[in-house]
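# Understanding the architecture of this molecule
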Amino acid sequence: AGSLTLGGKGSAAEAVLFSPDGQSLVTGSVDGFIEAWDVETQQLRQDLQHQASGELLMQDGAVQCCTFSKDSDHLATGSQSGQIKIWKLSSGLCLRKFPQAHPLAVT
């Protein structure tokens, strides 16, 4: 098995998670960016239109945790500010936002 080197935006990844289908690795960083990586190519997934056009998912505050739905198409992220967002990964749309899901960080 080889190693996977990710070329992020220069900030520390706080959360890392494989998708259930094994195709993606999602990273959430201290600056709030959420990126989906192709496990095989070790590059940002270019089949996701938002990433191919240079737009990344963004959480308010540092991303502390993330989890996938069983079908690998929905992603929930939690932030240091206590916010939770639910994303449709294929489109990059934020489907739900819980601004103050918790008074402290969601981990």
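Residues numbered from 1 in each chain as written. Predicted model: local features only at pLDDT ≥ 70, side-chain atom pairs only at ≥ 80, totals over all residues. Heavy atoms only, no water.

## Some words on the overall build of the chain
To be explicit about the condition: Numbering goes from the N terminus for both helices and strands, where a helix is a DSSP run of H or I of at least four residues and a strand is a run of E of at least two. Each radius of gyration is computed over the set of C-alpha atoms, and the globule rule expresses the reference value as 2.2 Å times the number of residues to the power 0.38. Burial status follows relative accessibility: with a 1.4 Å probe on protein chains alone, a residue under 20% of its type maximum counts as buried, one over 50% as exposed, and anything between as partly exposed. Residues count as neighbours in contact if any of their non-hydrogen atoms are within 4.5 Å of one another. When charges are counted, neither His nor the chain ends are considered; positive counts come from Lys and Arg and negative counts from Asp and Glu. Throughout, a charge is located at the NZ atom of Lys, the CZ atom of Arg, the CG atom of Asp or the CD atom of Glu.
Helix and strand counts for the chain stand at one helix and eight strands. Walking the chain from its N terminus toward its C terminus, one meets helices and strands in the order β-β-β-α-β-β-β-β-β. For the chain, the C-alpha radius of gyration of 13 Å lies close to 13 Å, the compact-globule estimate for 107 residues. Along the longest, intermediate and shortest principal axes, the C-alpha atoms of the chain span 40 × 25 × 25 Å. Burial status across the chain gives 36% buried among its 107 residues. Across the chain, contacts joining residues at least 24 apart in sequence account for 37% of those joining residues at least 6 apart. Of the charged side chains in the chain, 7 are positive and 11 negative, and the gap between their average positions amounts to 8 Å.

## Considering the confidence of the model for the chain
For any part of a model where pLDDT is low, the fine detail of the predicted coordinates should not be relied upon. Our working rule: Per-residue confidence from the predictor is reported as pLDDT, a score between 0 and 100.
Per-residue confidence for the chain gives a mean pLDDT of 89; residues scoring 70 or more make up 91%. Of all the helices and strands in the chain, helix H1 (residues 49–52) carries the lowest mean pLDDT, 90, while strand E7 (residues 84–88) carries the highest, 97.

## Focus on the nonpolar core
Filter applied, for reference: By nonpolar core is meant a set of buried Ala, Val, Leu, Ile, Met, Phe, Trp, Tyr and Cys residues that side-chain atoms within 4.5 Å join together.
Ala15, Val26, Ile34, Ala36, Leu48, Leu57, Val63, Cys66, Phe68, Leu75, Trp87 and Leu89 together form the largest nonpolar core, which totals 12 residues. Every element with two or more residues in this core is listed here: strand E3 (33–38) and strand E5 (63–68). If you tally residues by element for this core, the top one is E5, at three residues. Ignoring anything within four residues of it in the chain, the contact list for Trp87 reads Ile34, Leu57, Met58, Gln59, Asp73, His74, Leu75, Thr77, Gly92, Leu93, Cys94 and Leu95.

## Comments concerning the pattern of salt bridges
When the charged atoms of two side chains with opposite charge come close together, those side chains can pair. Put simply, the rule reads: Any Lys or Arg side-chain nitrogen found within 4 Å of a carboxyl oxygen on Asp or Glu counts as a salt bridge.
Per the counting criterion, the structure on display carries three salt bridges. Measuring nitrogen to oxygen at the nearest pair gives 2.7 Å for the salt bridge that ties Arg45 to Asp47. Judged by its relative accessible area of 16%, Arg45 is buried. Given a relative accessible area of 55%, Asp47 falls into the exposed group. The salt bridge involving Asp60 is made with Lys97; its shortest N-O contact spans 3.6 Å. Pair noted here: Asp60 is in the loop between strand E4 (57–58) and E5 and Lys97 is in strand E8 (residues 93–98), with a separation of 37 residues, a long-range link. For Asp60, a relative accessible area of 36% corresponds to the partly exposed category. Taking the relative accessible area as the measure of exposure, Lys97 reaches 45% and is therefore partly exposed.

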